[in-house]
Amino acid sequence: MRTETDGFRLNFLPDLSGRSAGGRWFNFRRSPRGPAGVNSAPDGHHSPQEEEPQNVVLTYEQILEAQRLCEASQLLMDREGRLFGEIMEDEALKHHKEEVDKLAADYKDLEGLVLQTLTLSLSSGEVSTEALRSAVKAVNQEEDQDQRWKQRDLTPPSWRPRCWKKLHDSTLRSLVEGRIDNPPTPTADQVEQSSVRADVHSMGRRLKEDMLLVVEVVKSCYPPELDICNFYVRLYHQALSTRLGQIADFGLDDKDCTFLLRWVNEFYPQMLQKPELACEIDVEALGKLLPKKLLDPLEEQYLRKQQDELTTFIGRVLEEAKQKWNKGEEPTREDGCFFSPVAYDIIQLVNGMVTSAEKVVGDRHKAQNMTCHLRDLMQRFRSFQNDIMKQNKANSRPFIKANLGCIEQFRDVLVEKSHLFPEDVRQNCLFVLNDMKQSAHTYLLKPVHEVLKPQYRKLGTSDWLNKSLFEKLLVSAEKELQDLQGSIESCHQKLIGQLYQEVTAEYVRRLLRGEVKLKDKELQLKAYATVKDDAESLHDLFVRMGSEEDWLKEILTKIAEVLKLQDLPAIQMQVVSLGTAFPDLSEKHVSALLKLKTNLSRADRRTVKETLSDTLKETSVVATRPFFSAVHVK
């Protein structure tokens, strides 16, 4: 049997089937060859192949010198096969002691050359790929020979098993550890860095360069089943883990702590995920570069520092705004609107710090925990706003208008970037912000309602049917609406929209008080026309001033329709329509509305209410825009 690589016949140890009747082993000899290793014909004549040019036969020493280590290994195994296949008795072996000792010495020399070749495999230009490929084949051949000896019930030579695969693995492990412990000299841009950062950068550069060499060159010298790329990357991972563990255990200042965490959780994975490496290695199987017992203290140190910085910064931002208000200054204006930098500055910092922390610690949940104190800071923001409203200085209203923009900015980031916050923190902050918005709206709208109160009192009375009364209310409202300007457009729209809703609610509440009695069809038609016209006028005013709450017009229009209708079935349908559109319409509201039509009997009113109740039970409509719940009736 010949090998295709080196032209030497493999000499296998004799199988048990080769035993003779007398208990001796048959000799397994090489086939007769000619002087140049060419087979002779059985009749003694030379075969036609003799006429071809003859290959030069190298000595064992020349083969070693040529770094043909696989061929050298095969020659030694051939000698081993001849020596231990033909001579099995101990006495006989004693007569061949010189040959056995010489074979053992040759194996030792070959082992040294193989290990030397492996040791130089990552030193570019020190060893050829042919030599490395031959060394790897030699390792595999010797492993196969070890296995053949294990399968036979014979006393092996003293050098068996050679365990070259273990030697190969331990050699590469020592090679990698040595290269990590002695990384390249720091580059010029690393000279000014701390020793920790310079060392880690150098080790990272060593890993990257070596792994690229493994993928591009060394891989071709190994059979695929050995998966040499993953073997090497595991060695580097282990060596780096040991070295960085020593650094982490030493104790680091905040800057080096941050750097080491970021390198472990961000830069190192990114390095291995580069296309030229990622296609050859299983990054996920490597796991974390540092164990939890080392990572946890580093992460705690880093997150505590970041949290302290965030708390200090937010406190400073709030304090600067408070000092400006105390001095009697107004907020700055942008495009004619009052603007406060509080939310923008805080949001930018929170977004930057949490996003960065997620990369540094490699865990979103841990990064989110940095914002756990945001609840307390939001409470401070609310307390500051409450002080502004309570003291009601000359510059208080401008500050509250500016705060509405801050509230909206905070709310937007809590909703649209929820990944930055733990859910309980996010919900708590949203609750505080909603309370702040409502308080700000109440503070800004209260003076408007005070001015409109005299007109409110006449709604729903006999004077109300006089059109000039409502026109006065509109004139007063428009004047007050001018003073509400100053918030950014989106906040102004919401503020005006809320005023529109509150004026409409006040209108309905006064109407349902029942001071005016619509005794006949004529008065009911007049009331219908008045409510319908008032709805149109109110809607036109508030839309012109910036409101987008078009749905409020529908409420007064539907109420007007109820006042106009005379037939009970028609009234039933209209009330159902109103209740379906606004499911918070209660029986009290319906009773108060129907009582305005004094020609409608109690039984008829009960029928209408029962019809509405049955309809709402069947449809299970949810009030998406509550209105009547804010209209209190007796």
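Residues numbered from 1 in each chain as written. Predicted model: local features only at pLDDT ≥ 70, side-chain atom pairs only at ≥ 80, totals over all residues. Heavy atoms only, no water.

Considerations on the overall build of the chain
Across its full length, the chain carries 23 helices and 2 strands. Put simply, of all contacts in the chain between residues at least 6 apart along the chain, 73% involve residues at least 24 apart. Just so you have it, the chain exposes about 32800 Å², and 50% of that area is on carbon and sulfur atoms. (Helix = DSSP H or I, 4+ residues; strand = E, 2+ residues; numbered from the N terminus. Contact = heavy atoms within 4.5 Å. Areas by Shrake-Rupley, 256 points an atom, 1.4 Å probe, with all protein chains shown as cover.)

Some thoughts on the packing of helix α9 (residues 254–272) against helix α12 (residues 342–361)
A pair of packed helices is characterised by two quantities: the angle between their axes and the separation of those axes. Remark: α9 packs on α12, axes separated minimally by 6 Å, with the N-to-C direction vectors making an angle of 70°. What the angle tells us is that α9 and α12 run roughly perpendicular. Two secondary-structure elements touch here, α9 through T258, L261, R262, N265 and E266 and α12 through K359, V360 and V361. Residue classes in the contact of α9 with α12 are distributed as 3 nonpolar, 2 polar and 3 charged. (Axes fitted to C-alpha atoms, helices over the stretch in contact; angles between N-to-C directions. Parallel < 35°, antiparallel > 145°, perpendicular 65-115°, else oblique. Nonpolar A, V, L, I, M, F, W, Y, C, P; charged D, E, K, R; others polar.)

Some remarks on the packing of aromatic side chains
For any two aromatic rings, the description comes down to two numbers: the centre-to-centre distance and the angle of the planes. Across all of its chains, the model carries 10 aromatic pairs by this definition. Taking the centre distance of 4.8 Å and the plane angle of 5° together, the rings of Y500 and F542 count as stacked. Separated by 42 residues along the polypeptide, Y500 in helix α18 (residues 489–512) and F542 in helix α19 (residues 521–544) bring together distant segments of the chain. Both residues of the pair, Y500 and F542, belong to the buried class. Measuring from ring centre to ring centre gives 6.0 Å for W551 and F582, while their planes differ by 35°; the resulting arrangement is tilted. One end of the pair, W551, is in helix α20 (residues 551–564); the other, F582, is in the loop between α21 (568–581) and α22 (587–595), with 31 residues separating them in the sequence. For the residue pair W551 and F582, the accessibility class agrees, reading buried in each case. Ring-pair connections join several aromatic residues into one group, and the members of that group are W551, F582, F627 and F628. Between the NZ or CZ atom of K165 and the centre of the ring of F231, over which it lies, the distance is 5.7 Å. (Phe/Tyr/Trp six-rings, centres within 6.5 Å; stacked < 30°, edge-to-face > 60°. Buried < 20%, exposed > 50% of the residue type's maximum accessible area, 1.4 Å probe, protein only. Lys NZ or Arg CZ within 6 Å of the ring centre and 35° of its normal.)

Comments concerning a positive patch on the surface
On the surface, a cluster of positive charge is made up of K517, K595, R602 and R606. By the secondary structure assignment, K517 is in the loop between α18 and α19. Given the relative accessible area of 44%, K517 is considered partly exposed. (Patch = residues over 30% accessible without salt bridge, like charges linked within 9 Å, V, L, I, M, F, W, Y side chains within 5 Å. Salt bridge = Lys/Arg side-chain N within 4 Å of Asp/Glu carboxyl O. Lys, Arg positive; Asp, Glu negative; His and termini not counted. Charge placed at Lys NZ, Arg CZ, Asp CG, Glu CD.)

Description of the packing of α20 against α21
Taken N-terminus to C-terminus, the directions of α20 and α21 make an angle of 165°; their axes are 9 Å apart at the nearest point. As judged from the angle between their axes, α20 and α21 are roughly antiparallel. In the packing of α20 onto α21, the handedness of the crossing is left-handed. Of α21, the residues touching α20 (which contributes E554, I555, K558, I559, E561 and V562) are I571, Q574, V575, S577, L578 and A581. Looking at side-chain class alone, the contact of α20 with α21 contains 7 nonpolar, 2 polar and 3 charged residues. (Left-handed = near helix turned anticlockwise from the far one by under 90°.)

Thoughts on the environment of R206
Here R206 is to be found in helix α7 (residues 195–216). Here the alpha-carbon distance between R206 and I180, two residues 26 residues apart in the chain, equals 7.0 Å. Setting aside residues no more than four positions away along its own chain, R206 makes contact with R179, I180, N182, P183 and P184. In terms of polar contacts, R206 uses its side chain to reach the backbone carbonyl oxygen of N182, at 3.0 Å. (Polar contact = N/O pair within 3.5 Å; in protein donor to acceptor, adjacent residues only side chain to side chain.)

Re the side chain of Q141
Looking at the element boundaries, Q141 is found in helix α5 (residues 129–150). Here C70 takes part through its backbone oxygen, which lies 3.2 Å from a polar atom of the side chain of Q141.

With respect to the pattern of salt bridges
According to the stated counting rule, one finds 32 salt bridges in the structure shown. A salt bridge links R304 to E300; the nearest nitrogen and oxygen atoms lie 3.7 Å apart. Of the two residues, R304 and E300 are both situated in helix α11 (residues 292–326); the distance of 4 residues between them amounts to about one turn of the helix. Residue R304 is classed as partly exposed on the basis of its relative accessible area, which comes to 45%. Owing to a relative accessible area of 51%, E300 belongs among the exposed residues under this scheme. Among the ionic contacts, a cluster of salt bridges with common partners joins E80, E142, D146 and R160.

A look at the environment of D345
You can see D345 is positioned in helix α12. A residue is classified by how much of its surface remains accessible, and D345, at 28% relative accessible area, is partly exposed. When the C-alpha atoms of D345 and V317 are compared, they prove to be 7.6 Å apart, with 28 residues separating the residues in sequence. What D345 contacts, discounting residues up to four positions off in sequence, is F313 and V317.

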